[in-house]
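Per-entry structural report
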Amino acid sequence: MLKHPRGKEWEERAKKELKDKPLESIIWETPEGIRINPLYTAEDLESLDYVNTLPGLPPYVRGPMATMYTNRPWTIRQYAGFSTARESNEFYRKCLAEGQKGLSVAFDLPTHRGYDSDHPRVAGDVGKAGVAVDSVEDMKILFDQIPLDKMSVSMTMNGAVLPILGGYIVAAEEQGVSHDLLSGTIQNDILKEYLTRNTYIYPPQPSMRIVSDIMAYCSKEMPRFNTISISGYHMMEAGADTVLQTAFTLADGLEYVRAGLRAGMKVDDFAPRFSFFFGVGMSFFMNIAMLRAARMLWHRLMSNFNPKNPRSTMLRTHCQTSGWSLTAQDPYNNIIRTTIECLSAVLGGTQSLHTNSFDEAIGLPTDFSARIARNTQLVVQEESDICRAIDPLGGSYYLEVMTQKIVDEAQKVIDEIEEMGGMAKAIESGMPKMRIEEAATRRQARIDQGLETIVGVNRYVADDNIEFEIREVPESVRNEQIARLEELRKKRDNKAVEKALADLTRAAETGGNLMEATLPAVRARATLGEISNALEVVFGRFVATTLCISGVYASEYRDTTIIESLRKRTAQFEEREGRRPRILLTKMGQDGHDRGVKVVATAYADLGFDVDISPMFQTPEEAARMAIENDVHMVGVSSLAAGHKVLIPELIKELKRFGGEEILVIAGGVIPPKDYQFLYDAGVVGIFGPGTPIIESANKVLNILESKGRSKQS
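Read on for an overview of the structure. All figures in this text were calculated on a predicted structure; none of them were measured in a lab. (Residues numbered from 1 in each chain as written. Predicted model: local features only at pLDDT ≥ 70, side-chain atom pairs only at ≥ 80, totals over all residues. Heavy atoms only, no water.)

Turning our attention to the overall build of the protein. Looking only at helices and strands, one finds 27 helices and 16 strands in the protein. Rg of the C-alpha trace for the protein: 26 Å, near the compact-globule value of 27 Å for 714 residues, within the 12% margin. Counting only C-alpha atoms and orienting by the principal axes, one finds that the protein spans roughly 85 × 80 × 50 Å. Intrachain contacts of the protein at a sequence separation of at least 6 include 79% that bridge at least 24 residues. (Helix = DSSP H or I, 4+ residues; strand = E, 2+ residues; numbered from the N terminus. Rg over C-alpha atoms; globule rule 2.2 N^0.38 Å. Contact = heavy atoms within 4.5 Å.)

Have a look at this one:
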């Protein structure tokens, strides 16, 4: 019963409107396990101490700045980069002319993983999901005619952070810009790479040394530059709900604070330049509450370190709308989704924002789709009057209760991590990764059953297929990068390069600031791959252990008859063939997004398949050898980063070369429909785009395997 004076009257009215249904029927539970009552009143806020706080004042629930957007709107950033530095530079300058306020650079996967474009492991990845940067010469082109003393630059880089930040610094030097005038952010958040994104190079311990060395260098040399952007975005994309994203992101932040303190710095030397990066999805109010809760929790956690500077306890954040929520089916719906997510980030108080393009579930964004994404922010910022009042939803009964719920639940997870010895220890145990994968699998099961609506995918499905332009990065991009590398190596002083690289290796072995030791190598025109190798000879290259959860998909699927029917089919297959259907799931190339492949793996295992998962970053040859050694019936290739036209045909060729021509190949993920026939002609027997229900794909896979069995018998 509500405590409100008219609570009884409301209950009676509600029961009449519900007719035969009980009041409990309109109580909902979020994916986080938080119970949502249908009505909140002032009484629900009585125990919440923070409700009467103000923007710009601790604990910063209502925003880190006193005036928020009434004085200065959020910065419109578009995370972009593709093909060559020259093409990306042209795109950046066009975006800046059309209203974008800051640069946010996306690097290609070989760059993230510390490989030059001519390395044999990266043949299918160069320039595909970001811009290829092999040396400071590429960085100079990237920022040509963009004054680095005036433009804030955000760079998403973690693995190869030393040569990339070094390239940016040296490019600025050669523009005549001193270090103290540089402003922007380097992500430098290596912990989340081991947790979700997987674009690491070195093991955790030396990687944390790199993080603290960059913090120390920038605190002295680049006072306007943010040394770390602690990212929850990729956790959301991997499947984390708002509680897990909040808890794991802030726990990462605590680990970096302690790394800075261990390096001999005072908390106020570096903490004011920490920034955060949250992902915002379609759960509108939960995501607003998440940003408010994160600010309150960070203030609480940082106060334990007794900082003197108030900015050390202030959480400032960039946000990005969800890529996972974008659908290949009825893709213009994605414009609506991105607008809702944009509003959520803004009402939550973000400091800068990237809005995704509607076509990113199918391919790389085009100029047309990127303009719509950018204009989404401009329309909200300039036309909606949303910037006229500070924290306009502050005091909402529902929102304030949800803020406190996320604070309470995230604090429990943080406490659990602290008991394990901190986030680094928790990551070593596998706990955070498994929690995220479990959340992702449960959500996929709900979507597949229609318990969670995705318009155009599992409800209100359109019959017509929408075709539109897809950006394609040609293979000539890699050839161009290789030619530039060859020219660089001919023109530079190779003895100076060798000395600088040897000095860097010595610093890795014996001590010294690695950021300082990297800069001479960058100035001498050492390549990104050479700098990475100079450290790798000391630190080694990290190889993750691939694990898979089990039982989660089936336990979340309420219609057990469907699960049992598929298990019956796999059992019948075993009776005919003498073993269960066996599939190898692989991600080739340098893309580290593994949400899709992990969810499919656990679901297929629950349905009765024998499932093998390859290590990350395989070449087609390595995947083919593993498929043959494991004697699988089929290889399922997960594609995201536009390398499918190179990597999948090469895999089929390698299977034939090693005598595995009987092994079938299917593909799934972000593959433009116009490329389907190309893959079928190459020998692929099935393609499953984003949004395909796992139950449907499993049935089709069994149909394909059974058809092959019948054809062999005949």
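Here the narrative resumes.
For helix α16 (residues 431-449), built from 19 residues, the straight-helix expectation of 27 Å at 1.5 Å per residue is met to within 8% by its first-to-last C-alpha distance of 27 Å. Downstream of α16 by a residue or two, Gly450 has a phi angle that is positive, lying close to 80 degrees. (Expected span 1.5 Å × (residues − 1).)

With that settled, consider the pairing of strand β13 (residues 610-613). Bridge count between strand β12 (residues 582-586) and β13: four bridges; the pairing is parallel. Looking at the pairing, Leu585 lines up with Ile613 of β13. Note that the unit made of β12, helix α23 (residues 595-606) and β13 has a crossover that is right-handed. (Pairing = 2+ DSSP bridges. Right-handed = clockwise from strand over helix to strand, strands pointing away.)

Inspection of every chain in the model, using the stated rule, returns 52 salt bridges. Two residues, Glu487 and Lys491, come together in a salt bridge whose shortest N-O distance is 2.9 Å. Here Glu487 and its partner Lys491 are both found in helix α17 (residues 476-491), four residues apart, which amounts to about one turn of the helix. We classify Lys491 as exposed; its relative accessible area is 67%. With a shortest N-O distance of 3.3 Å, Lys674 and Asp675 are connected by a salt bridge. For Asp675, a relative accessible area of 4% translates into the label buried. Beyond isolated ion pairs, a larger network of salt bridges with shared partners links Glu438, Arg442, Arg443, Arg446, Glu452 and Glu556. (Salt bridge = Lys/Arg side-chain N within 4 Å of Asp/Glu carboxyl O. Buried < 20%, exposed > 50% of the residue type's maximum accessible area, 1.4 Å probe, protein only.)

As a packed pair, helix α11 (residues 284-303) and helix α14 (residues 397-419) sit with axes 8 Å apart at the nearest point and diverge in direction by 55 degrees. Compared by their axis directions, α11 and α14 come out oblique. As α11 packs across α14, the resulting crossing turns out to be right-handed. Judged by residue contacts, Phe285, Met286, Ile288, Ala289, Met290, Arg292, Ala293, Met296, Leu297, Arg300 and Leu301 of α11 engage Tyr398, Leu399, Glu400, Met402, Thr403, Gln404, Ile406, Val407, Ala410, Gln411 and Ile414 from α14. (Axes fitted to C-alpha atoms, helices over the stretch in contact; angles between N-to-C directions. Parallel < 35°, antiparallel > 145°, perpendicular 65-115°, else oblique. Left-handed = near helix turned anticlockwise from the far one by under 90°.)

Below, the discussion takes up the nonpolar core. Trp74, Phe248, Tyr256 and Phe274 are the most contacted members of the largest nonpolar core, which has 84 residues in total. Counting residues per element, this core draws most heavily on α11, at twelve residues. Setting aside residues up to four positions removed in sequence, Phe274 forms contacts with Met215, Ile228, Ile230, Gly253, Tyr256, Val257, Trp298 and Arg316. One finds Val153, Ile186, Val497 and Val522 within the second-largest nonpolar core, a separate group that totals 61 residues. (Core = buried A, V, L, I, M, F, W, Y, C linked by side-chain atoms within 4.5 Å.)

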